[in-house]
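# Residue-level structure breakdown
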Amino acid sequence: MSTQHSSRITMYSSRSKVIGSSLLLAAALLPILFHVPFHDKVVRTGVRIIRPIQRARKLRPVPFTAPTKSVASKYASNQHDQQGFSLALVRTISAHDAKSLVESFEAWEEFALGIDCHSSHHVTDLIISFSRIYDEQLYPSITAALKDVSATYAATDGWSGCIRSVKTFAANLSEHEDLYLPALAEEGNPMWVNGPNRQFERTFRHVQSTGIYDAMFLMESDTFPVAPAWLDNLIEEIRSNAPFALLGR
């Protein structure tokens, strides 16, 4: 992996309409690693969960297609060899998360992501998924936070070579769609978590559509590393459990 990292952030935007009526958790993106926090705990990957939210379970059911023989064979062999592996590490943010976005990466400087990422056989891209549209005038604090993250990425040599690139994706949710109101959950209103659900759906479709990632890890704002080599451990967890569709707690 190259040791030269640019501070430039590649930007993507969701289409106004989602294409297709189902998610196929196979071929282009299998397995997908999904993080569902239940309790405050330290898991063996070295990632701390500090808020018990179960957003993923609010998503509507989707059809599952079993992996093709070639894809399944690839992941089965990855458990024992050093074949290349590509991970999309997704960090989600909303319009009010500018401060927490910057703070969430401070632990990345305290706890090394990997032992020797420059010579590793896996590739990881950090994808920052924003729930709204990227607009400097509408959301100046988000723009400023992204610049801070970009500067940190460049100054740390991509967190010591473990992150190949930093990209952004806009889910393009409207203010009406981007809802996260836990109080409505007590009333039985299914729209209380519509924003995170739709953001996850569009982000997943985007990652899947690139066709370049073997797995996706959803790292929300309440997830922090607490031990060194946490990215190495996370990838090892994926490889040792593959193939799968969903993996998490």
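Residues numbered from 1 in each chain as written. Predicted model: local features only at pLDDT ≥ 70, side-chain atom pairs only at ≥ 80, totals over all residues. Heavy atoms only, no water.

### What to know about the overall build of the chain
- For the chain, the helix and strand inventory stands at eight helices and eight strands.
- Here the contacts in the chain between residues at least 6 apart in sequence split such that 82% fall between residues at least 24 apart. (Helix = DSSP H or I, 4+ residues; strand = E, 2+ residues; numbered from the N terminus. Contact = heavy atoms within 4.5 Å.)

### Observations regarding the state of the cysteines
- The final tally for this structure, using the stated rule, is one disulfide.
- Note that Cys-117 is cross-linked by a disulfide to Cys-162, the S-S spacing being 1.8 Å. In this structure the cystine formed by Cys-117 and Cys-162 twists about its S-S bond by roughly 80°; its chirality is therefore right-handed. Here Cys-117 is found in the loop between helix 3 (106-110) and strand 5 (122-130), whereas its partner Cys-162 is found in the loop between helix 5 (157-161) and strand 6 (165-170), with 45 residues between them in sequence. (Disulfide = S-S within 2.5 Å.)

### As for helix 8 (residues 230-241)
- Helix length check: helix 8, at 12 residues, gives a terminal C-alpha distance of 17 Å against a target of 16 Å (1.5 Å per residue), a fit within 8%.
- For helix 8, every residue scored as buried is listed here: Trp-230, Leu-231, Leu-234, Ile-235, Glu-237, Ile-238 and Arg-239. (Expected span 1.5 Å × (residues − 1). Buried < 20%, exposed > 50% of the residue type's maximum accessible area, 1.4 Å probe, protein only.)

### Let's talk about the pattern of salt bridges
- Using the criterion set out here, one finds six salt bridges in the structure.
- Close ionic contact of Arg-132 with Asp-178 constitutes a salt bridge, the shortest N to O distance being 2.7 Å. You can see Arg-132 sitting in the loop between strand 5 and helix 4 (140-155) and its partner Asp-178 sitting in the loop between strand 6 and helix 6 (182-185), a full 46 residues away along the chain.
- Connected through salt bridges with shared partners, the residues Asp-125, Arg-164 and Lys-167 form a single ionic network. (Salt bridge = Lys/Arg side-chain N within 4 Å of Asp/Glu carboxyl O.)

### Description of the environment of Ala-171
- Tracing the sequence through the fold places Ala-171 in the loop between strand 6 and helix 6.
- As for Ala-171 and Thr-203, which are separated by 32 residues in sequence, their C-alpha atoms are 6.6 Å apart.

### Overview of the nonpolar core
- By size, the foremost hydrophobic cluster in this structure holds 39 residues, and its most contacted members are Leu-87, Trp-108, Leu-126, Ile-128, Trp-159, Ile-163 and Leu-231.
- Among the secondary structure elements, those contributing two or more residues to this core are strand 4 (85-93), helix 2 (98-104), helix 3, strand 5, helix 4, strand 6, strand 7 (215-219) and helix 8.
- In contact with Trp-159, not counting residues within four places along its chain, are Phe-105, Trp-108, Glu-109, Leu-113, Leu-126, Val-149, Thr-152, Tyr-153 and Val-166.
- Among the nonpolar cores identified, the runner-up in size contains 12 residues, and Phe-169, Leu-173, Val-207 and Leu-218 belong to it. (Core = buried A, V, L, I, M, F, W, Y, C linked by side-chain atoms within 4.5 Å.)

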